[in-house]
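Structural features, examined
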Amino acid sequence: ARRSAAHPGRDWLVYVDEDDDRSVLSWGEAGSRVAALASLLGALGVGRGDRVATLAHNHPDTVLQYVAAWAVGACIVPLNAGEDAGRIAYVLKHSRAKLLFTRAEYLDRVEPLRAGLPDLRDVVLAGDRRRGYTHVDDASRAPAVAAAVPVADDEALIVYTSGTTGHPKGVVLTHGNLLVDARQIAAWHALGPDDRLMCVLPIHHVNGIVVTLVTPLACGGTVVLCRKFRTGSFFPLLARER
C-alpha cells in the first residue's frame, strides 16, 4: 500500500509469457487490484487465519492473489499444477484450504476432488470465465470489507515438501519470516527501488516466492516474471529487461 501510494506510475511487475509477449503492471494498478481482490475475499468470508490455495502457473494474477490473501491476514498454500490428483487433494485437505484460486484450464483436475474436500467452500477463477464460478474480475463489484491487519507471527505461507519418503509436510512461514528473509536478501545484494529481479522459477516454489516476489516488495524494486524458463531467450531477456 505504501509503495502504491508513493510511486503509482513506477513499474512493479513485468510479465513475459511463453510467446515473449510482454505486459506491465504498475505499483498503482497493482495496489488497486489487490484492494479489490481483498474485498472479494472478505465478501466470500475469507479472513485472518484462513488458508487460501492456488493452483496456477507463473502469471500476474497469481502474484496478486498471494498479496491480496496476505492483505486480509489469510495464508497462501501454493499448489504445483504438475502434481498428480492424489497429491493435490492431499495438500488441499491437509491444509484445510477454505478457498482455491485457479484457472479454467485446471478445472477438470479440481472438480473430481471437491466431494472429498469439505473445508473447500469456494473456487475462484482467473483467465477464462466458466458458468457457475466466481471470477477474479467480480472483485470490482465486491463491497469493501474491513480486514484484520496481520501481525508478524501470523501464518503467511505454507509450502509442502516433495514427499519423496512419505506424505508431503507442510512448512509454515509467517509474515515475519517472509519480511526478515526479503529484507536480508535486499540488504546482502544492496537492492533498492531502481533494481529489477527476474523470476524464472515456478512461483509455487518458496525460492520463486520469497526471493523474486517478496524481496522486490520489501525494497520497492521491479519483478520481471517469466511464464517459465526458456534456454534460448534467457540471456536476451536479461539484457532487454536490465
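Below is a short write-up of the structure. (Residues numbered from 1 in each chain as written. Predicted model: local features only at pLDDT ≥ 70, side-chain atom pairs only at ≥ 80, totals over all residues. Heavy atoms only, no water.)

A closer look at unusual backbone geometry
- The backbone of D20 sits at a positive phi, close to 70 degrees, despite the residue not being glycine.
- Mapping D20 onto the fold places it in the loop between β1 (11-16) and β2 (22-26).
- Taking the relative accessible area as the measure of exposure, D20 reaches 35% and is therefore partly exposed.
- Positioned with a positive phi, R96 is a non-glycine residue whose angle comes to about 55 degrees.
- For R96, the position within the fold is in the loop between α4 (85-95) and β5 (99-103). (Helix = DSSP H or I, 4+ residues; strand = E, 2+ residues; numbered from the N terminus. Buried < 20%, exposed > 50% of the residue type's maximum accessible area, 1.4 Å probe, protein only.)

Observations regarding the packing of helix α6 (residues 175-188) against helix α7 (residues 206-219)
- Interaxial distance between α6 and α7 falls to 8 Å at its minimum, and their mutual angle equals 80 degrees. In terms of their interaxial angle, α6 and α7 are classed as roughly perpendicular. Contacts between α6 and α7 involve L178, D181, A182, R183, I185 and A186 on the former and, on the latter, V210, V211, V214, T215, A218 and C219. (Axes fitted to C-alpha atoms, helices over the stretch in contact; angles between N-to-C directions. Parallel < 35°, antiparallel > 145°, perpendicular 65-115°, else oblique. Contact = heavy atoms within 4.5 Å.)

What about the pairing of strand β3 (residues 51-56)?
- Among the 6 residues that make up β3, 6 are buried, leaving the element largely enclosed by the rest of the structure.
- Because side chains alternate across β3, one face comprises the buried residues R51, A53 and L55, and the other comprises V52, T54 and A56, equally buried.
- As defined by bridge partners, β3 adjoins strand β4 (residues 75-80) across 6 bridges and the pair is classed as parallel. Note that in β4 the partner of T54 across the bridge is P78.
- Running through helix α3 (residues 60-71), the crossover from β3 to the neighbouring parallel element β4 is right-handed.
- Where β3 lies against β5, 4 bridges are found, and the strand directions are parallel. Across the sheet, residue T54 finds its bridge partner in β5, namely F101. (Pairing = 2+ DSSP bridges. Right-handed = clockwise from strand over helix to strand, strands pointing away.)

Topic: the packing of aromatic side chains
- Under the defined criterion, the tally for this structure stands at 4 aromatic pairs.
- On the numbers, 5.6 Å between centres and 40 degrees between planes, the contact of W12 with W27 is tilted. With W12 in strand β1 and W27 in helix α2 (residues 27-43), the pair connects residues that are 15 residues apart, well separated along the chain. Here W12 and W27 have matching classes, each one buried.
- Taking the centre distance of 6.1 Å and the plane angle of 45 degrees together, the rings of Y66 and W70 count as tilted. With a gap of 4 residues between them, Y66 and W70 both fall in helix α3, about one helical turn apart.
- Judged by relative accessible area, which is 2%, Y66 ranks as buried.
- Pairwise contacts between aromatic rings join F229, F234 and F235 into one cluster. (Phe/Tyr/Trp six-rings, centres within 6.5 Å; stacked < 30°, edge-to-face > 60°.)

Structural notes on the packing of α3 against α7
- Running from amino to carboxyl end, α3 crosses α7 at an angle of 65 degrees, the nearest separation of the two axes being 12 Å. Viewed along their axes, α3 and α7 form a crossing whose handedness is right-handed. Between α3 and α7, the contacting residues are V63, Y66, V67 and W70 on the first element and I209, L213, V214 and L217 on the second.
- For the contact of α3 with α7, the per-class residue count stands at 8 nonpolar, no polar and no charged. (Left-handed = near helix turned anticlockwise from the far one by under 90°. Nonpolar A, V, L, I, M, F, W, Y, C, P; charged D, E, K, R; others polar.)

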